[in-house]
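What the coordinates show
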Amino acid sequence: THSISQTVTVDNNKYYRFSIYLKAAGRSQCHVGLSDNSSGQASILVDLSNGTLLSTIIPQGSWLDVKSSIVSIGNGWYRVSVSGQKNAGTAIAPNVEIF
């Protein structure tokens, strides 16, 4: 498993989107999410070999209006996005885990 993340401080009642461009190269499943260490996460699991959503978003904690997408941009590349609104000012960590 390979992963990346970065903590970002967010404002109260703002809408945030995390998008990343990904391509299957030896590993085809990917978990993309927005984590909030105090209340939970909003995340999806995708298959990069065929551009399908493997799991639906189940927002945890104080995430509101959570949405996701996986869009083919050609040549095996996909733009994967997760977005949502926080109802409490906090720090979030956009994260990607490929396996």
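This text follows the structure it describes.
What this report covers is the structure whose coordinates are included nearby. (Residues numbered from 1 in each chain as written. Predicted model: local features only at pLDDT ≥ 70, side-chain atom pairs only at ≥ 80, totals over all residues. Heavy atoms only, no water.)

Quick look at the sheet that holds strand S8 (residues 77-86)
Across the sheet, which stays open at both edges, the 3 strands sit in the order S3-S8-S7 with antiparallel pairing between neighbours. The sheet is open, and its two edges are formed by strand S3 (15-23) and strand S7 (63-74), each paired on a single side. Each strand axis lies, on average, 15° off the axis of its neighbour in the sheet, ignoring direction. Judged from the 9 bridges that link them, S3 and S8 form a sheet pairing that is antiparallel. (Pairing = 2+ DSSP bridges. Helix = DSSP H or I, 4+ residues; strand = E, 2+ residues; numbered from the N terminus. Axes fitted to C-alpha atoms, helices over the stretch in contact; angles between N-to-C directions.)

What about the side chain of serine 81?
Tracing the backbone through its elements, the reader meets serine 81 in strand S8. Take serine 81: its relative accessible area is 6%, and that puts it in the buried class. Looking at serine 81, its side chain comes within polar contact range of the side chain of serine 19, at 2.5 Å. Among all residues touching serine 81, those that are not within four sequence positions of it are Arg17, Phe18, Ser19, Ile44, Lys67, Ser68 and Ser69. (Buried < 20%, exposed > 50% of the residue type's maximum accessible area, 1.4 Å probe, protein only. Polar contact = N/O pair within 3.5 Å; in protein donor to acceptor, adjacent residues only side chain to side chain. Contact = heavy atoms within 4.5 Å.)

Examining the pairing of strand S4 (residues 29-36)
Within S4, 6 of the 8 residues are buried, which leaves the element mostly enclosed by the surrounding structure. Of the pairings in the sheet, the one linking S4 to strand S5 (residues 40-47) comprises 8 bridges and is antiparallel in character. When the sheet's bridge partners are listed, histidine 31 is paired in S5 with leucine 45. Pairing geometry for S4 and strand S9 (residues 91-98), over 7 bridges, is antiparallel. The residue bridging leucine 34 from the neighbouring strand is proline 94, located in S9.

Some details on the environment of threonine 9
Tracing the backbone through its elements, the reader meets threonine 9 in strand S2 (residues 8-9). On the basis of relative accessibility, which here comes to 70%, the residue threonine 9 falls in the exposed class. The contact partners of threonine 9, leaving out residues within four places of it in the chain, are Thr90 and Ala91.

Overview of the nonpolar core
Of all hydrophobic cores here, the largest spans 19 residues; its most connected members are Leu22, Val32 and Val80. Secondary structure elements with two or more residues in this core: S3, S4, S5, S7, S8 and S9. Residues within four places of leucine 22 in sequence aside, it is in contact with Cys30, Val32, Leu48, Gly76, Trp77, Tyr78, Val80, Val96 and Ile98. (Core = buried A, V, L, I, M, F, W, Y, C linked by side-chain atoms within 4.5 Å.)

Thoughts on unusual backbone geometry
In the Ramachandran plot, aspartate 65 falls in the positive-phi region, its phi being about 50° despite a non-glycine side chain. Of note, aspartate 65 is situated in strand S7. Although it is not a glycine, asparagine 75 sits at a positive phi angle of roughly 55°. Tracing the chain through its elements places asparagine 75 in the loop between S7 and S8.

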